[in-house]
Number of protein chains: 2
Amino acid sequence: MDSDKSGEATKITIQEPKADTKGKGIIAGALAPVIVATKAARRSRKGWKKGAAIFDLVLRLAAIVAGFAATSLMGTTDQTLPFFTQFFQFHAQYTDLPTFLFFVIANATASGYLVLSLPFSIVCIIRSHAAGPRLLLIILDSAMMALTTSAASACAAIVYLAHTGDSSANWNPFCQQFSNFCQQVSSAVVASVIAATLLLSLVVLSAFSLRKMK
Amino acid sequence: MDSDKSGEATKITIQEPKADTKGKGIIAGALAPVIVATKAARRSRKGWKKGAAIFDLVLRLAAIVAGFAATSLMGTTDQTLPFFTQFFQFHAQYTDLPTFLFFVIANATASGYLVLSLPFSIVCIIRSHAAGPRLLLIILDSAMMALTTSAASACAAIVYLAHTGDSSANWNPFCQQFSNFCQQVSSAVVASVIAATLLLSLVVLSAFSLRKMK
């Protein structure tokens, strides 16, 4: 009798929210394998995200090296020719051309930003599901990519002119005299192009990571 | 009696999967407000995404206009000075300097890409939850932003030189003679900078949309 009563009691408790529970119970039962599958997918996605975050840090460190190399190569350009006239000594350094000065400032800014962005990149490794820092990084990375690209290409245009000159504008190629200066400037441009490419890769990687976010 | 029987029948059907359903029913009951809240959030998020997708299309159209303006302004630069010597006629056009030629090619490429990207942007409006086209757009937009920025800044560096010259390199400012040519080239640079800025906005907008994706 006791067991029967308890059976009756359970029957009542089940029947009370009948209209709601019946359908929901079936839904929950049907969802069970989906939940398990989602959990597995989330785990694999978490591994993917962690790997992407570590790769992001590695790319960022490489970009810092490239950025600082570009800045220091351009910043230390200084060549004095061994001959001089009575009024003029032939001397070339990066401050002679405003584009080269812009190049140094832009690359120093980008390198400084990249160093400051390292903690955010590390946060992305530890909390791989956090979309906030990743969103901040993708926006600032895009802006810094634009800055580095503009510095590199402006400088490349000038270096090209310095190497070949331009007969239409009657601009003579000064690299024939200042060959060491031009070589160092060209290396700085190459380093800056590498930094810009790495920043573009960072933007693409962040976009993929954001896509994988839940 | 009939109604009673049917009541009994329901009781049995509920009791059959009791062990499973009881707990699940409670979970489902507890989840009900969460599901409703999620649905509301999803609807508001869908509205946000649709708005962002429409804004993306508008920005894209503006960038197309700016890109084509830059290309056509630079492509039609042509100035002949009213005086000439026995051997030389003073004539300036964009093909005289390789940087200007690169500018035309880069801006034409970016404008062409932007026109081809319009269908994808429209797909993003119709299927605002589709992350695939958005991911494709953000990657290609970043690359095109880099291209446009490099063209604009390389050209800006040359135009600056053409305006002011450089005493260290002994480069004379040819804008003093070819003022119309320089004015048109400067306008083209401004249009290209606008196109690059719009592309940067597109990248940022796409990043936000990807962040809001489920």
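Residues numbered from 1 in each chain as written. Chains lettered and ligands numbered in written order. Predicted model: local features only at pLDDT ≥ 70, side-chain atom pairs only at ≥ 80, totals over all residues. Heavy atoms only, no water.

Taking an unreviewed UniProt entry as the reference, chain A is identified by name as CASP-like protein belonging to Salix dunnii. Its UniProt record gives chain A a comment under Subunit (unreviewed entry), which states: "Homodimer and heterodimers." Word for word, the UniProt comment on chain A under Subcellular location (unreviewed entry) is "Cell membrane". (UniProt positions renumbered as here; feature names shortened; annotations may be inferred.)

Glancing now at the side chain of Arg60 of chain A. Mapping Arg60 of chain A onto the fold places it in helix α2 (residues 18-75). The contact partners of Arg60 of chain A, leaving out residues within four places of it in the chain, are Tyr113, Leu114, Ser117, Leu118, Ser121, Leu137, Asp141 and Leu202 of chain A. (Helix = DSSP H or I, 4+ residues; strand = E, 2+ residues; numbered from the N terminus. Contact = heavy atoms within 4.5 Å.)

Take the environment of Leu101 of chain A next. Residues and elements named next belong to chain A. Tracing the backbone shows Leu101 in helix α3 (residues 98-126). For Leu101, a relative accessible area of 35% gives the class partly exposed. On a C-alpha basis, the gap between Leu101 and Ser128 in space is 39 Å, while along the polypeptide they are 27 residues apart. (Buried < 20%, exposed > 50% of the residue type's maximum accessible area, 1.4 Å probe, protein only.)

What follows is about the state of the cysteines. Residue and element names in this part refer to chain A. Within this structure, the stated rule accounts for 2 disulfides over all chains. Covalent S-S linkage joins Cys175 and Cys182, the inter-sulfur distance amounting to 1.8 Å. Linking Cys175 and Cys182, the disulfide has an S-S dihedral of approximately -85° and is accordingly described as left-handed. With respect to class, Cys175 is no different from Cys182; both count as buried. (Disulfide = S-S within 2.5 Å.)

With that settled, consider the nonpolar core. Judged by nonpolar contacts, the single largest core of 58 residues is most densely connected at Phe100 of chain A together with Phe100 of chain B. Among the secondary structure elements, those contributing two or more residues to this core are α2, α3, α4 (131-164) and α5 (179-212) of chain A together with α2 (18-75), α3 (98-126), α4 (131-164) and α5 (179-212) of chain B. Apart from residues lying up to four places away in sequence, Phe100 of chain A is in contact with Met74, Tyr94, Cys155, Ile158, Val159, Phe181 and Val185 of chain A. Ala53 and Leu114 of chain A together with Ile125 and Leu137 of chain B belong to the second largest nonpolar core, which has 40 residues in total. (Core = buried A, V, L, I, M, F, W, Y, C linked by side-chain atoms within 4.5 Å.)

This paragraph deals with the environment of Leu161 of chain B. Residue placement: Leu161 of chain B occurs in helix α4. The spacing of Leu161 of chain B and Trp171 of chain B is 10 residues in sequence and 7.9 Å in space, taken between C-alpha atoms. Those residues in contact with Leu161 of chain B, other than ones at most four positions away along the chain, are Leu97, Ile158, Leu161 and Trp171 of chain A together with Asp166, Trp171 and Pro173 of chain B.

This next bit is on the packing of aromatic side chains. What the rule picks out here adds up to 9 aromatic pairs over all chains. With a centroid separation of 5.4 Å and an interplanar angle of 40°, the aromatic rings of Trp171 of chain A and Phe174 of chain B are classed as tilted. Here the residue Trp171 of chain A occupies a position in the loop between α4 and α5, and Phe174 of chain B occupies one in the loop between α4 and α5, the pair thus bridging two chains. The burial state of Trp171 of chain A is the same as that of Phe174 of chain B; both residues are buried. The interplanar angle of 75° and the centroid separation of 6.4 Å between the aromatic rings of Phe174 of chain B and Phe178 of chain B together place this pair among those described as edge-to-face. Pair check on accessibility: Phe174 of chain B and Phe178 of chain B agree, each one buried. An aromatic cluster of three or more residues is present, and its members are Phe100, Trp171, Phe174, Phe178 and Phe181 of chain A together with Phe100, Trp171, Phe174, Phe178 and Phe181 of chain B. (Phe/Tyr/Trp six-rings, centres within 6.5 Å; stacked < 30°, edge-to-face > 60°.)

Another point: the UniProt feature "transmembrane region" (unreviewed entry) in chain A. Residues and elements named next belong to chain A. Within this numbering scheme, the UniProt entry marks residues 52-74, 100-123, 135-162 and 188-210 as carrying the feature "transmembrane region" (unreviewed entry). Split by type, residues 100-123 is 100% helix and 0% strand. Its first and last C-alpha atoms lie 35 Å apart. Structurally, residues 135-162 is divided into 100% helix and 0% strand, and its ends, taken at the C-alpha atoms, are 40 Å apart.

What describes two packed helices is the angle between their axes and the distance between those same axes. At a minimum axis separation of 7 Å, α4 of chain A and α4 of chain B run at an interaxial angle of 40°. Here α4 of chain A lies oblique to α4 of chain B, going by the angle between them. When you trace α4 of chain A past α4 of chain B, the crossing you get is right-handed. Each of Ile138, Ser142, Met145, Ala146, Thr149, Ser150, Ser153, Ala154, Ala157, Ile158 and Leu161 of chain A in α4 of chain A lies in contact with α4 of chain B, whose residues at this interface are Ile138, Ser142, Met145, Ala146, Thr149, Ser150, Ser153, Ala154, Ala157, Ile158 and Leu161 of chain B. Partitioned by chemical class, the residues of the contact of α4 of chain A with α4 of chain B number 14 nonpolar, 8 polar and no charged. (Axes fitted to C-alpha atoms, helices over the stretch in contact; angles between N-to-C directions. Parallel < 35°, antiparallel > 145°, perpendicular 65-115°, else oblique. Left-handed = near helix turned anticlockwise from the far one by under 90°. Nonpolar A, V, L, I, M, F, W, Y, C, P; charged D, E, K, R; others polar.)

Let us now look at the side chain of Ser206 of chain B. As for its placement among the helices and strands, Ser206 of chain B is situated in helix α5. Setting aside chain neighbours within four positions, we find Ser206 of chain B in contact with Asp56, Arg134 and Ile138 of chain B.

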